[in-house]
Amino acid sequence: MSKVNLTIDDVPVNAAEGESILWAALDAGIYIPNLCAIRERKSPFASCRLCWVEIEGVDLPATSCTTPVKEGMKVQTRTPRVLRLVRTSFELLISHHPVDCARCAKNKKCELQRIAREFKFKLKPGKFRKLLRELPVDSSHPCFILDPNKCVLCGRCVWLCNEVQRACALDFAFRGLNTVITTSGGKPLGESDCSACRECVSVCPVGALIPK
Ligand code: FES
């Protein structure tokens, strides 16, 4: 596979042609926040809107998971415009995420905590009103628990369950602010078609899917 040369935050990077800026940066040790990206997924879901970058010669910021690298590209990941966009996306996510880290099984391994740490953001909604949901926690499965209140709707679990494992146990339901991850037919997880591979648990970036 041919390679292209670019710079990210002024660091020379050599990446495979066709690779996205996100993965090129992460491979080079340059952190770009991301929740919904999965490397193997060829068409990015691009739902979290956290992975913003600016590219020299391009007017508008771009999401790095959907933008392929190009020879000679100059990418910046920490410009004032990028920081504003990342902060807004982060605050929107936090506005409907219960921040109870000390009691969460994902404490210290949560991607939201990592983003807050890297960007010195507070785990508070900022300019947005806190809109918590009170959805039932599903602990009917013998191996793991689904807490939809903590879900950031990144879609990683749904993609893996359907496109990789072919179990088709998890899916999105409803729209807008009511969107949730659920099982086909809305059955409890313990009665669903889950094959207990637990891949969904391993890719959940927050504490929405945790092992028992
Ligand atoms: S990682 Fe690019 S939009 Fe989520």
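Along each chain, the written sequence defines residue order, and numbers are assigned to residues from 1. Local features in this predicted model are restricted to residues whose pLDDT is 70 or higher, and side-chain atom pairs enter the listing and the counts only when it is 80 or higher, whereas totals over whole chains, interfaces and linings include all residues. Side-chain metrics rest on all non-hydrogen atoms present in the structure, leaving aside hydrogens and water.

## Some points on the domain arrangement of the protein chain
Piece 1. Residue ranges assigned to each domain were obtained from an automatic or database domain assignment. Each domain of the protein chain was delimited in the assignment, giving domain 1 (3-89) and domain 2 (134-212).
Piece 2. Of the residues lining the interface, nine residues belong to domain 1; the matching set on domain 2 comes to nine residues.
Piece 3. Interface of domain 1 and domain 2: buried area, both sides summed, is about 720 Å²; carbon and sulfur atoms make up 66% of it.
Piece 4. The quantity reported as buried area is the accessible area (1.4 Å probe) lost by two parts once they are put together, taken as the sum for both. Per-residue buried area on domain 1 facing domain 2 is highest for Leu 35, Ile 38 and Arg 41; these three make up 65% of the total on that side.
Piece 5. By definition, a salt bridge exists where a carboxyl oxygen of Asp or Glu is found within 4 Å of a side-chain nitrogen of Lys or Arg. One can count zero salt bridges joining domain 1 with domain 2.
Piece 6. Within 3.5 Å is the distance limit for a polar contact, defined as a pair of N or O atoms, with the added protein rule that one can donate a hydrogen and the other accept it, and that residues adjacent in sequence qualify only through two side-chain atoms. Joining domain 1 to domain 2, the criterion identifies two residue pairs in polar contact (both at pLDDT 80 or more).
Piece 7. Nonpolar residues are Ala, Val, Leu, Ile, Met, Phe, Trp, Tyr, Cys and Pro. Charged residues are Asp, Glu, Lys and Arg, and all others, Gly as well, are polar. Split by residue class, the side of domain 1 that touches domain 2 holds five nonpolar, two polar and two charged. We call two residues in contact whenever any of their non-hydrogen atoms come within 4.5 Å of each other.

## What about the pattern of salt bridges?
Pairs can form between side chains of opposite charge once their charged atoms are near each other.
Piece 1. Enumeration over the complete set of coordinates arrives at seven salt bridges.
Piece 2. In this structure, Arg 39 and Asp 27 form a salt bridge, with 2.6 Å as the shortest nitrogen-oxygen distance. One end of the pair, Arg 39, is in the loop between α1 (21-27) and β3 (52-55); the other, Asp 27, is in helix α1, with twelve residues separating them in the sequence.
Piece 3. Residue Glu 91 is joined to Lys 127 by a salt bridge in which the shortest nitrogen-to-oxygen separation is 3.8 Å. Of the two residues, Glu 91 sits in helix α2 (residues 80-95) while Lys 127 sits in the loop between α3 (111-119) and β6 (144-146), which places them 36 residues apart along the sequence. Counting from the N terminus, the helices are DSSP H or I runs at least four residues long and the strands are E runs at least two residues long.

## Points about the sheet that holds strand β1 (residues 3-8)
Piece 1. Strand order in this open sheet of five strands is β2-β1-β5-β3-β4, and the pairing throughout is mixed. Looking at strand neighbours, the two that pair on one side only are β2 (11-16) and β4 (62-63), the edges of this open sheet.
Piece 2. Of the strand pairs in this sheet, β1 and strand β5 (residues 74-76) are connected by two bridges, and their pairing is parallel. Bridging from a neighbouring strand, Thr 7 pairs with Lys 74 of β5.
Piece 3. Inter-axis angles, ranging from 0 to 180 degrees, are taken between N-to-C directions of lines fitted to C-alpha atoms, where helices are fitted over the stretch in contact. Here α2 sits on the sheet and contacts β3 and β5; the angle it forms with β3, its principal contact strand, is near 160 degrees. Think of it this way: DSSP has to see at least two bridges between two strands before they count as a pair.

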